[in-house]
Amino acid sequence: MRVAGERSVAWVISGFVAGVAGALYGHFFVTFGPFDFYFNITFLTIAMLIVGGMTSVTGAVVGVFFITFVNELFRRWEVDGFAGVTPPSGTASLVLACVLLVTLILRPKGITAGKEIPWPGDWKLRRPRLRGAESSAEAPPAAPEPPPSTATD
């Protein structure tokens, strides 16, 4: 298997997608500078990987969904409030830091602990056992019959 070649292709494709995203971002905002990019994005990416599990693709996906859900929930609470209560600015970041700390303490390998969800082609389906198959499975195999003799009388 050519792992290095496949990684190179994946690296080039991801670079292309990131370049297209940057070009679209530049066209959307017309002008932007270094202060338009926040540390919060980098923190979110690292938190997603750590919370989900860094050694599996499944962990990365689970981390993305979990962190995005928690982050958006608390960001909306900061902006709109809930039941007349509006928390101070920065509550979402504080909650994310607490989630990250709790994950590191309770599950150091992440939520998935490095385990993958198998692909549909890897699923093993159990065949139903027939009633007669159980008794024949326990019997020892019969000895092979000797080949017929070729000598003539």
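This text goes with the structure placed above it.
A. Focus on the packing of helix 3 (residues 57–80) against helix 4 (residues 91–106). Put simply, helix 3 and helix 4 touch, their axes get as near as 8 Å, and they point 150° apart. The pairing of helix 3 with helix 4 is recorded here as roughly antiparallel in orientation. Pair helix 3 / helix 4 crosses with right-handed handedness. Facing helix 3, whose interface residues are Phe66, Ile67, Val70, Asn71, Phe74, Arg75, Trp77 and Glu78, helix 4 presents Thr91, Ala92, Val95, Leu96 and Val99. Counted by class, the contact of helix 3 with helix 4 contains 9 nonpolar, 2 polar and 2 charged residues.

B. Examining the nonpolar core more closely. If you look at the biggest cluster of nonpolar residues, it comprises 10 residues: Leu44, Ala47, Met48, Ile50, Val51, Ile67, Val70, Leu96, Val99 and Leu100. Mapped onto this core, the elements with two or more residues apiece are helix 2 (39–52), helix 3 and helix 4. Those residues in contact with Ile67, other than ones at most four positions away along the chain, are Leu44, Ala47, Met48, Val51, Leu96 and Val99.

C. The arrangement of the packing of aromatic side chains in detail. The tally for this structure, following the rule as stated, stands at 1 aromatic pair. Seen in terms of ring centroids, Phe74 and Trp77 are 5.9 Å apart; in terms of plane orientation they differ by 65°. Their pairing is edge-to-face. Taken as a pair, Phe74 and Trp77 lie in helix 3 at a separation of 3 residues, close to a single helical turn. Using a relative accessible area of 29% as the deciding quantity, one classes Trp77 as partly exposed.

Parameters at a glance
Residues numbered from 1 in each chain as written. Predicted model: local features only at pLDDT ≥ 70, side-chain atom pairs only at ≥ 80, totals over all residues. Heavy atoms only, no water. Axes fitted to C-alpha atoms, helices over the stretch in contact; angles between N-to-C directions. Helix = DSSP H or I, 4+ residues; strand = E, 2+ residues; numbered from the N terminus. Parallel < 35°, antiparallel > 145°, perpendicular 65-115°, else oblique. Left-handed = near helix turned anticlockwise from the far one by under 90°. Contact = heavy atoms within 4.5 Å. Nonpolar A, V, L, I, M, F, W, Y, C, P; charged D, E, K, R; others polar. Core = buried A, V, L, I, M, F, W, Y, C linked by side-chain atoms within 4.5 Å. Buried < 20%, exposed > 50% of the residue type's maximum accessible area, 1.4 Å probe, protein only. Phe/Tyr/Trp six-rings, centres within 6.5 Å; stacked < 30°, edge-to-face > 60°.

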